[in-house]
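The primary structure of each chain is shown beneath.
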Amino acid sequence: MTTLEREVIEKFRQLDHDAQQRVRKLIVHETDPSEFDIEAWLAEAEAAQITLHSPSASDLVSEVREERDADILHSLGFRDSADDRTD
């Protein structure tokens, strides 16, 4: 047994019973592909999707247009009050 394995076992023994159960479950989940829980994975994926904001195509087009308009105004000698560029 390696030093790392001994350390892991020692740390595991320091956990309370509930924490040991959680760790066991995580180890099984990580090491046994048949234990894959599709429902939990889908719930996590849905939660992640909700927290991420993906700009719509119209948002992206609007942003590009605003940048283009600012560049045009800048090239004509006008400075937008929101323009914080240093060039």
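The numbers attached to residues start from 1 for each chain and follow its sequence in the written order. Local features in this predicted model are restricted to residues whose pLDDT is 70 or higher, and side-chain atom pairs enter the listing and the counts only when it is 80 or higher, whereas totals over whole chains, interfaces and linings include all residues. Computation of side-chain values covers all heavy atoms of the structure but excludes hydrogens and water.

Now for the pattern of salt bridges. Pairs can form between side chains of opposite charge whenever their charged atoms are close. Counted as salt bridges are all cases of a side-chain nitrogen of Lys or Arg within 4 Å of a carboxyl oxygen of Asp or Glu. Inspection of the entire model under this criterion finds 1 salt bridge. Between Arg 68 and Asp 69 there is a salt bridge, with its nearest N and O atoms 2.9 Å apart. Throughout this description, buried means an accessible area under 20% of the type-specific maximum (1.4 Å probe, protein chains only), exposed means over 50%, and partly exposed covers the range between. Assessed through its relative accessible area of 36%, Asp 69 is described here as partly exposed.

Patch definition: residues above 30% relative accessible area lacking any salt bridge, with like charges linked at up to 9 Å and the nonpolar side chains Val, Leu, Ile, Met, Phe, Trp and Tyr linked at up to 5 Å. The accessible surface values rely on the Shrake-Rupley method and a 1.4 Å probe; as for residues, cover is taken only from the protein chains in view. The sign given to each residue is positive for Lys and Arg and negative for Asp and Glu; His and the chain ends receive no count. By convention, the point assigned to a charge is CZ for Arg, NZ for Lys, CD for Glu and CG for Asp. On the surface, a cluster of negative charge is made up of Asp 59, Glu 63, Glu 66 and Glu 67. Each helix corresponds to a stretch of at least 4 residues labelled H or I by DSSP, and each strand to a stretch of at least 2 residues labelled E; elements are numbered beginning at the N terminus. Tracing the sequence through the fold places Glu 63 in helix α4 (residues 57-75). Since its relative accessible area comes to 43%, Glu 63 is described here as partly exposed.

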